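A closer look at the structure
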Amino acid sequence: MFNRIKNRVLTAVSPDVLAIPAAGHSTSSPNKTSNRNLPDKFTYARPPFLQLMTQDELKASADHNVRPIIVPRDIAIMPFCTGYAECVNSGKSEWNEDQAAFHRHILSHPSKQYPDLPYIYFGTFDGHAGYGAALAASNQFHYILHEKLVDVIDMLMPAVTFAAPAPSFPHPMTFQRSVSKDELIIGALESAFIEMDALLAEDRDKYRNAGGCTALVTLFIFGKMFVANAGDSRAVLCQRMSKKVFKMHSNSVIPNSVERELNSRDGEEASDSEMHIFPISFSHDHTPDTERPRLMSTGKLNPTLMGGAYVAMEYAKRPMFKDLGQRVLYRQGSMKGWAYKTLTADDLRMPIVTGEGKRSRLLGTIGVTRGFGDHDLRALGSGLPIKPFLSPHPEVNYRDLSKVISIPSDNNEDGDYGILVMATDGLWDVADIESVSNTVFKTLNKYPTEKHRYTMVAQELVAKSRGRVNESNHWRLAHSKAAATVDDISVFVIPVVQYYKEYCLWEKQCAENFDKPANGMSSESSTEEVEIEITSDVNELQPNAVETVEGVEIGETIIDK
């Protein structure tokens, strides 16, 4: 409770940007409206690293007719020259309801017996029914996450070693089972998600109704990459490997959830010099369709939540009144198979989940099932609260970057370690992970040494998904007649290897400064091993003028020259 109070005090001040009128909430999601006269907790703004400081710039960024692609004015602000680009929707809401954030933090042990531990966090938050929840999460989540990491600092810090595997903490004498450092970090992410959601619940009677938002967070710490997702934003690791390294992947440690994707590609034929481009999903969408078993189980176990208006069943064929008394195929709860039942009048009530894929809806109202907020959201028609079916609990995947196989002579660090693309569903609505991976490496090849190359990748991804407006004022993809996305788009493009190089340098400095030999080696031999790992520092990149991506008209892009 003390941490939560402290967090609210720390973040009570709005971002230092020009105030603009608050946007109204979307009428498509019927949240409680009695709090419209309450103040906003945070003044609307775009992410601070974009440096849009005036009202004119904010209005220009939300021009639904032009839909300008916005990138950071100063890419040096971003860690590792990470790329970022965003684009407003085509008129769904007054303002861009996506938000994004990154923060560098340091964990310091009070005893000073251990080196300060730096970590980096990136977050994307896709708002709905207003920008409030996404804006609050972008301003507050990193404080909550930091507190969760501080809570376990005593168990994290003793695990810092530089040449030997870290032991599990705490000792079995403390608890009945040992807990690994990875489990502590995953737990910090999970509990931070839950507390962020609880904070929005506490604030809803004090501040303007925040609506809700999805949340996608990446945490780089201890030489590892942790990705936590709740909602339908998506993180994809785009990789490119030579056939020789590709065949050696079984020697590396890969998250169980993605190892099958690599194994399924072993049969591909190619020469040793050919480069394979392949994506690995580090998150999965949480929609009524993908979470149908959980939602139906919730309804079946708690029938009062359905208020007699819904049924926790799924049918192979939509039942009609004329089918009463007939045998129909159904499944309910967590059933994976199908069975027969005799159709009754109660079975004709609306199912908890309707539709399929992106068109699926929970209680006929909302298309995402995890995230923050939506505490006052009620179902269309029935007016029943939807929050009991929603969850802030994230799915967490991680990768140990020290296990990545990279051959310096291949000059393929970006491909071996991967480029992490974090994006809201505005991108994924019209792009698949394979096309995104191809675009990433095609654009990087076009700009092989430029410092802003990752920004150009982000800009290209947004430009392709946004498309172009035609004579009828409809947005269409550039190379087809298919509809482009009409949603907000936000994209991070993160060069993972740059973080790992930075971590190795920190590890080397710690080995020297704290003189902690491991496995009987001297501190000199331990340091030498680290030097082999980081054969070269980050390449010196020559600053070039930022250019507009091919296919994006001059004047459509706000970008530093």
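A short tour of the structure in this document, coming up.

1. Concerning the overall build of the protein chain
Along the backbone of the protein chain there are 14 helices and 22 strands. Per-residue burial for the protein chain yields a buried fraction of 53% across its 561 residues. Entry remark: accessible area of the protein chain is about 25,100 Å², with carbon and sulfur atoms responsible for 51%.

2. Some remarks on the pairing of strand β4 (residues 117-128)
Across the 12 residues of β4, 11 count as buried, placing the element largely inside the fold. Here strand β3 (residues 98-107) pairs with β4 via 10 bridges, running antiparallel. The partner of H105 across the bridge, within β4, is Y119. As defined by bridge partners, β4 adjoins strand β5 (residues 212-221) across 9 bridges and the pair is classed as antiparallel.

3. Remarks on the sheet that holds strand β12 (residues 339-342)
Sheet architecture is open: 3 strands sit in the order β10-β11-β12, paired in antiparallel fashion. What marks the edges here is a single partner per strand, and that holds for β10 (313-315) and β12. Strand-to-strand, the axes of this sheet are offset by a mean angle of 55 degrees, without reference to chain direction. Relative to β12, strand β11 (residues 327-332) is paired through 4 bridges, and the arrangement is antiparallel. Within β12, the residue paired with V328 across the bridge is K341.

4. Comments concerning a nonpolar patch on the surface
Residues L329, W338 and Y340 make up a contiguous nonpolar surface patch of about 310 Å² in total accessible area. Looking at the secondary structure, you find Y340 in strand β12.

5. Here's the deal with the packing of helix α3 (residues 132-151) against helix α5 (residues 181-203)
Where α3 contacts α5, the two axes come as close as 9 Å, and the packing angle between them is 135 degrees. Between α3 and α5, the crossing angle belongs to the class labelled oblique. Both α3 and α5 take part in a crossing whose hand is right-handed. Two secondary-structure elements touch here, α3 through A133, A136, A137, Q140, F141, I144, L145, K148 and L149 and α5 through A188, L189, S191, A192, F193, E195, M196, L199 and L200. Class assignment for the residues of the contact of α3 with α5 results in 14 nonpolar, 2 polar and 2 charged.

6. Some thoughts on the environment of I433
Here I433 shows up in helix α11 (residues 433-446). Along the sequence, I433 and R234 sit 199 residues apart, while their C-alpha atoms lie 9.6 Å from each other. For I433, the contacting residues outside a window of four places in its chain are R234, V236, P279, S281 and W428.

7. Focus on the packing of α11 against helix α12 (residues 453-466)
Packing of α11 against α12 brings their axes to within 9 Å, and their N-to-C directions diverge by 135 degrees. In terms of axis orientation, α11 runs oblique to α12. Judged by the twist between their axes, the crossing of α11 over α12 is right-handed. Here V436, T439, V440, T443 and L444 of α11 come into contact with α12, specifically with R453, Y454, M456, V457, E460, L461 and K464. Broken down by class, the residue content of the contact of α11 with α12 amounts to 7 nonpolar, 2 polar and 3 charged.

8. Here we look at the packing of aromatic side chains
Under the defined criterion, the tally for this structure stands at 22 aromatic pairs. Each ring, one from F102 and one from F122, has its centre 6.2 Å from the other, and the planes form 35 degrees; the classification is tilted. In this pair, F102 sits in strand β3 while F122 sits in strand β4, placing the two residues 20 residues apart along the sequence. Comparing F102 with F122 shows no difference in burial state: the two are buried. Taken together, the ring pairs connect F49, F80, Y84, F102, F122, F220, Y417, F492, Y499, Y500, Y503 and W506 into an aromatic cluster. The ring centre of F222 lies 3.6 Å from the NZ or CZ of K181, which sits over that ring.

9. Examining α3
Look at α3: 28 Å from first C-alpha to last across 20 residues, which is about the 28 Å you get at 1.5 Å a residue. The principal kink in α3, of about 45 degrees, is found at Q140. Extensive coverage of α3 is indicated by the burial of 15 of its 20 residues.

10. What to know about the pattern of salt bridges
Throughout the structure, instances matching the rule amount to 22 salt bridges. With its nearest N and O atoms 2.7 Å apart, the salt bridge here joins R208 to D40. You can see R208 sitting in the loop between α5 and β5 and its partner D40 sitting in the loop between α1 (2-10) and α2 (55-61), a full 168 residues away along the chain. We note a salt bridge from D232 to K358, for which the minimum N-O separation is 3.0 Å. Highlighted residues: D232 in the loop between β6 (224-230) and β7 (234-242) and K358 in the loop between β14 (353-354) and β15 (361-362), separated in sequence by 126 residues. For D232, a relative accessible area of 5% translates into the label buried.

11. Quick word on the environment of Y503
Mapped onto the elements of the fold, Y503 is located in helix α13 (residues 496-514). With a relative accessible area of 13%, Y503 lands in the buried category. For the pair formed by Y503 and G223, sequence separation is 280 residues and the distance between their alpha carbons is 5.9 Å. Those residues in contact with Y503 that sit more than four places away from it in its chain are F222 and G223.

Definitions and cut-offs
- All residue numbers here refer to positions counted from 1 along the written sequence of the relevant chain.
- It should be noted that, the model being predicted, local features are given only for residues of pLDDT at least 70 and side-chain atom pairs only at 80 or more, the latter also being counted only at that level, while totals for whole chains, interfaces and linings use all residues.
- Side-chain measures here rest on the full set of heavy atoms in the structure, leaving out hydrogens and waters.
- Here a helix means four or more residues in a row that DSSP labels H or I, a strand means two or more in a row labelled E, and each is numbered from the N terminus.
- Residue exposure (1.4 Å probe, protein chains only): buried if accessible area is under 20% of the type maximum, exposed if over 50%, otherwise partly exposed.
- Per-residue and other accessible areas were derived by the Shrake-Rupley procedure at a 1.4 Å probe size, with only the shown protein chains allowed to occlude residues.
- Strand pairing is assigned whenever DSSP identifies at least 2 bridges connecting the two strands.
- Each axis is a line fitted through C-alpha atoms, and for a helix only the stretch in contact is used; angles between axes span 0 to 180 degrees, taken between their N-to-C directions.
- Patches here: salt-bridge-free residues with over 30% relative accessible area, like charges joined within 9 Å, nonpolar side chains (Val, Leu, Ile, Met, Phe, Trp, Tyr) joined within 5 Å.
- For this analysis, a salt bridge means a side-chain nitrogen from Lys or Arg found within 4 Å of a carboxyl oxygen belonging to Asp or Glu.
- Orientation is classified from the angle alone, with under 35 degrees giving roughly parallel, over 145 giving roughly antiparallel, 65 to 115 giving roughly perpendicular, and any other angle giving oblique.
- Handedness of a crossing follows from how the near helix is turned relative to the far one, being left-handed for an anticlockwise turn of less than a right angle and right-handed for a clockwise one.
- Only heavy atoms matter for contacts: two residues are in contact if any of them lie within 4.5 Å across the pair.
- Only Asp, Glu, Lys and Arg are considered charged in this grouping, and only Ala, Val, Leu, Ile, Met, Phe, Trp, Tyr, Cys and Pro are considered nonpolar; every other residue, Gly among them, is considered polar.
- Two aromatic rings, drawn from Phe, Tyr or Trp (for Trp, its six-membered ring), form a pair once their centres lie within 6.5 Å of each other, and the interplanar angle then sorts them: stacked below 30 degrees, edge-to-face above 60, tilted otherwise.
- Whether a charge lies above a ring is judged from NZ of Lys or CZ of Arg, which has to be within 6 Å of the ring centre and within 35 degrees of the ring normal.
- By this rule, a helix spans an expected 1.5 Å times one less than how many residues it contains.
- Throughout, bend refers to the angle between the axes fitted to the seven residues that end at a position and the seven residues that start at it.

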